[in-house]
Amino acid sequence: MGTHDDRASLERMGVGSLSATEGLAALETALAREDAQVVAARVAWDRFRPVFESRRSQPLLSALGGSVEAPARTVVPDLAPDRIEDLVHEEASQAMARRPERTRGFFEQGMDSLQAVDLRARLERRLGRRLPPSVVFDHPTVASLSSFLAGGSARGPEAPPAEARPGAPIAIVGLSCRFPGATDPEAFWELLAAGRDAIGEPPPGRGVSGPGGWLRGIDLFEPSFFGIGPGEAAAMDPQQRLLLEVAWEALERAGRPPDGLGGTRTGVFVGIGPADYGELVRAGGDAALDAYAITGTEPSLAAGRIAYTFGLTGPALAVNTACSSSLVALHLACRSLRDGESDLALAAGVNLVLRPEGTAYLSKIGALSPTGRCRSFDEAADGYVRAEGCAVLVLARLDSALAAGDPVLAVIRGTAVGHDGASSGLTVPSGSAQEAVIRRALADAGASPGEIDYVEAHGTGTPLGDPIELAALGAVFRDRPTARPLAIGSVKTQIGHAEAAAGLAGVVKTVLALREERIPPHLHLRRRTAGIEGLPIEILAEGRPWPRGPSPRRAGVSSFGFSGTNAHVVLEEAPAEQPALPGTGGGPRERLFVLSARSPAALRDLAEALARGPLDRPADLAATLARRRAHLPERLALVAGTADEIRARLGEFADGTPGPLVRTARARERPGRLAFLYPGQGPERARMGLELAAEEPVVREVLERASATLRGLGGPDLLEELARDEADSRLDRTEIGQPALV
């Protein structure tokens with residue numbers, strides 16, 4: 001049985017085949033025994049056992065004896081760390097019959113269990129040490145295995161958990177998104193502010209029909225950017241692909257380089273619904289089911305995929321409560337941060353419509369609009385239209401975000417989640433339950449109803465749900481003065497109902513509205529839903545300004561699930577004054593700007609995009625590119641001082657005519673050591689070093705400290721000496737020039 005390759009693989013593991021005569025004899029022996037289970041096999045234990053115990057010792061084989069658990073850590077003190085890494089890379093290349101990348105997982109690059117055992121054996125021979133059976137599985141890259149062998153830890157020391165702070169405000173420090181008609185937050189705001197309707201027909205070849213809010217280009221994905229092979233990428237649900245792309249973008253916008261988060265307690269909380277793509281794969285029959293069919297399509301893997309790709313060690317959860325999934329995920333992320341379980345968190349939501357069955361079901365139960373629009377809170381409301389989307393928020397405790405210099409976009413003051421309970425039907429919303437969850441979120445935020453300016457409503461546009469939601473809002477906010485009614489709106493009137501991603505669509509809209517100081521218009525409003533009269537509620541059909549005032553602006557966001565699970569979040573504007581990132585600001589001067597990408601073509605695209613963008617804050621841009629972006633293999637560095645100079649240098653690169661202030665290179669596989677060489681006595685020119693001291697606080701501090709020390713010994717003031725003109729300079733005198741070398 002089995003193919004020739006299967007038999008050869010088993011033979012290498014130490015499991016040989018039996019002849020027909022041997023098999024019949026074994027069967028006869030088995031029938032004469034009373035054992036419940038019998039296995040007949042030819043096993044070479046010296047080969048099979050190391051493979052079988054490659055992760056841990058197995059009690060099943062204890063009767064054979066000879067198994068000795070290796071020490072928890074093996075230290076090789078007589079080799080430098082870089083030499084150990086070269087040795088590991090050399091032996092891994094031999095075991096795998098290819099040169100593996102040093103920071104990419106062995107098993108992503110094709111290593112199997114036999115090769116893992118072979119690599120461990122090779123290292124034991126070279127190092128003269130016993131290694132733990134699972135060493136290659138526990139440290140699955142050249143870099144992490146080398147760190148372990150050198151006495152370090154692949155993940156670094158475990159930081160103590162943060163103190164639990166139940167009421168701590170949570171900062172949104174980064175976000176990115178894909179929504180109908182918008183490929184990033186800037187395009188999304190343009191769509192919202194302009195009051196555009198993003199509903200249309202689906203892209204060709206999608207296998208679905210009818211009006212909706214559709215994403216374009218969901219088949220476009222560069223798997224090699226994330227270290228994913230083409231075979232695995234083909235089996236991946238496009239929802240997983242979208243999440244990886246948007247998570248990377250959100251982290252970079254937050255100034256948290258994704259490649260620097262490995263081993264951190266960063267949590268991942270993803271709202272995700274049914275897996276249409278999995279149904280498409282399974283419809284292809286057994287031939288379509290490969291090793292990646294489950295990991296690529298199972299919704300619970302969506303969060304794990306992000307955590308695995310970026311090396312995150314906090315909780316990773318996939319949440320499905322139907323329409324409220326992503327807002328529930330946000331609630332859980334905030335709780336994880338407040339409890340000290342996570343130090344950073346990603347809250348995400350994603351939804352793609354890839355098969356027609358879900359639409360057919362929703363149409364049959366009367367949930368979908370036959371006229372193809374969400375007319376939320378309008379008398380003509382007749383259901384909703386389905387939509388697609390993806391959003392990722394990067395969250396941190398507010399005090400931590402401010403201390404780190406993170407860009408705080410908005411603050412989450414409170415969250416709450418609840419269920420309808422025994423309503424009049426499993427899928428029938430409960431007004432009292434909605435009222436209760438909003439009140440709990442306000443209590444969690446320490447806010448009164450009168451402090452809320454705006455609510456981004458669930459607002460699906462169904463004749464059943466809209467009046468119930470309006471009544472619940474009216475009950476919570478009924479004591480507001482009529483001169484200051486509660487403003488409400490729903491993003492669904494513009495992009496449709498993004499289902500599992502709908503809650504975060506509302507959050508992103510509200511965060512952008514706080515930043516831009518304007519509430520976008522609410523579309524398709526002709527005649528307001530009956531019953532709104534007398535309620536202190538205003539539906540903003542035209543939108544309106546929302547400027548900062550003496551008190552912080554606050555807003556609520558609701559998301560109510562088909563499952564009966566409801567969520568509400570209270571947002572607050574970002575602090576007006578935020579600490580500057582070190583290295584930003586300062587006057588005009590030449591600075592180093594660094595860009596990087598995975599490929600030369602991508603680097604060119606990035607440079608062109610940067611040239612098109614705003615360049616009015618060169619110091620901030622230089623600091624962000626250097627300190628708060630991932631540094632990928634293809635590198636571009638340029639020196640410039642003004643926006644015009646930056647564009648000119650980028651133009652030189654794009655034209656293929658780089659001048660002396662533009663350099664490109666590919667990063668070394670392993671970074672070398674960096675040293676600064678300071679020449680001997682004597683400046684090249686007068687006042688040399690003063691500009692550096694004025695711009696760099698560290699240099700200034702050292703000079704001031706050295707100057708104070710020298711003055712205390714009766715010497716001159718170094719800063720005064722450095723400031724002298726050429727004619728008055730005394731730096732050629734030994735007693736002054738030597739201390740000035742610092």
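Preceding this section is the structure that the text describes.
> I keep staring at the overall build of the chain and nothing clicks. Help me out?
A count of helices and strands for the chain gives 27 helices and 18 strands. Residues counted as buried form 47% of the 742 residues belonging to the chain. Carbon and sulfur atoms provide 54% of the accessible area of the chain, an area that totals close to 35400 Å².

> Help me understand a nonpolar patch on the surface, please; the structure alone is not making it clear to me.
Residues Leu24, Leu27 and Leu31 make up a contiguous nonpolar surface patch of about 350 Å² in total accessible area. Within the secondary structure, Leu24 is located in helix 2 (residues 20-31). Leu24 sits in the exposed class, given a relative accessible area of 58%.

> Please explain helix 20 (residues 502-516) as it appears in this structure.
Note that an α-helix has 3.6 residues per turn; residues three or four places apart therefore point the same way. Taking 1.5 Å per residue, 15 residues should reach 21 Å; helix 20 reaches 21 Å between its end C-alpha atoms and fits that length. Within helix 20, 13 of the 15 residues are buried, leaving the element largely enclosed by the surrounding structure. Glu517 sits one or two residues past helix 20 and shows a positive phi near 60°.

> Honestly, the sheet that holds strand 17 (residues 634-640) in this entry has me stumped. Any pointers?
Strand pairing in a sheet is mediated by backbone hydrogen bonds. Such pairs are either parallel or antiparallel. Reading across the sheet, the three strands line up as 16-17-18 and stay open at both edges, with antiparallel pairing between neighbours. Each end of this open sheet is capped by a strand with a single partner; those strands are strand 16 (591-597) and strand 18 (662-666). Pairs of neighbouring strands in the sheet enclose a mean axial angle of 20°, with direction left out of account. In this sheet, strand 18 lies alongside strand 17 in antiparallel orientation, the contact comprising five bridges. Following the sheet pairing, Leu636 is matched in strand 18 by Thr664.

> What is the right way to read the sheet that holds strand 10 (residues 486-489) from this model?
If you walk across this open sheet you meet the 11 strands as 5-4-6-7-3-8-15-14-9-10-12, and the pairing is mixed. The open sheet terminates on both sides in strands that have one partner only, identified here as strand 5 (316-319) and strand 12 (537-539). The mean angle between the axes of side-by-side strands here comes to 25°, regardless of whether they run parallel or antiparallel. The sheet contact formed by strand 4 (residues 266-272) and strand 6 (residues 344-351) spans seven bridges and is parallel. Residue Ile272 lies in a different strand from strand 6, and its bridge partner there is Val350.

> Is there a simple way to explain the packing of aromatic side chains in this structure?
How two aromatic rings sit relative to each other is set out by the distance from centre to centre and by the angle between their planes. In the structure shown here, the tally under the stated rule is eight aromatic pairs. A ring pair is formed by Phe225 and Trp248, whose centres lie 4.8 Å apart and whose planes are at 75°; its orientation type is edge-to-face. On the criterion of sequence distance, the pair formed by Phe225 in the loop between helix 8 (185-194) and helix 9 (230-235) and Trp248 in helix 10 (residues 238-253) is long-range, its members being 23 residues apart. An aromatic cluster is present here, built from Phe221, Phe225, Phe226, Trp248 and Phe310 joined pairwise through their rings. One residue, Arg241, lies across the ring of Tyr277, its end atom 5.8 Å from the ring centre. Sitting over the ring of Phe225, Arg598 keeps its end group 4.7 Å from the ring centre.

> I keep staring at unusual backbone geometry and nothing clicks. Help me out?
Among all residues except glycine, the phi angle is most often negative; among peptide bonds, the trans geometry is most common. In this structure, Glu499 takes a positive phi of about 50° despite not being glycine. Note that Glu499 resides in the loop between helix 19 (492-495) and helix 20. Residue classification places Glu499 among the buried residues on the basis of a relative accessible area of 10%. At His524, a residue that is not glycine, the phi angle is positive and equals roughly 60°.

So, how was this worked out
Within each chain, residue numbers correspond to sequence positions counted from 1 in written order. Local features in this predicted model are restricted to residues whose pLDDT is 70 or higher, and side-chain atom pairs enter the listing and the counts only when it is 80 or higher, whereas totals over whole chains, interfaces and linings include all residues. Hydrogens and water are ignored here; the side-chain numbers use all heavy atoms of the structure. Numbering of helices and strands runs from the N terminus, with a helix taken as a DSSP run of H or I at least four residues long and a strand as a DSSP run of E at least two residues long. Here's how the labels work: a residue is buried when its accessible area is under 20% of the maximum for its type, exposed when over 50%, partly exposed in between, all with a 1.4 Å probe on protein chains only. Methods summary: accessible areas were calculated by the Shrake-Rupley approach with a probe of 1.4 Å, and residue burial reflects only the protein chains presented. Without a salt bridge and with relative accessible area above 30%, a residue can belong to a patch; like charges are then joined within 9 Å and nonpolar side chains (Val, Leu, Ile, Met, Phe, Trp, Tyr) within 5 Å. Each salt bridge in this description consists of a side-chain nitrogen of Lys or Arg and a carboxyl oxygen of Asp or Glu lying within 4 Å of one another. The span you would expect from a helix comes to 1.5 Å times its residue count less one. Here a strand pair is declared whenever DSSP counts at least two bridges between the two strands. The angle between two axes is taken between their N-to-C directions and runs from 0 to 180 degrees, where each axis is a line fitted to C-alpha atoms and a helix contributes only its stretch in contact. Here a pair means two rings of Phe, Tyr or Trp (six-membered ring of Trp) with centres within 6.5 Å. Their orientation is stacked below 30 degrees between planes, edge-to-face above 60, and tilted elsewhere. In this analysis the charged atom, NZ for Lys or CZ for Arg, is taken to sit over a ring once it is within 6 Å of the ring centre and within 35 degrees of the ring normal.

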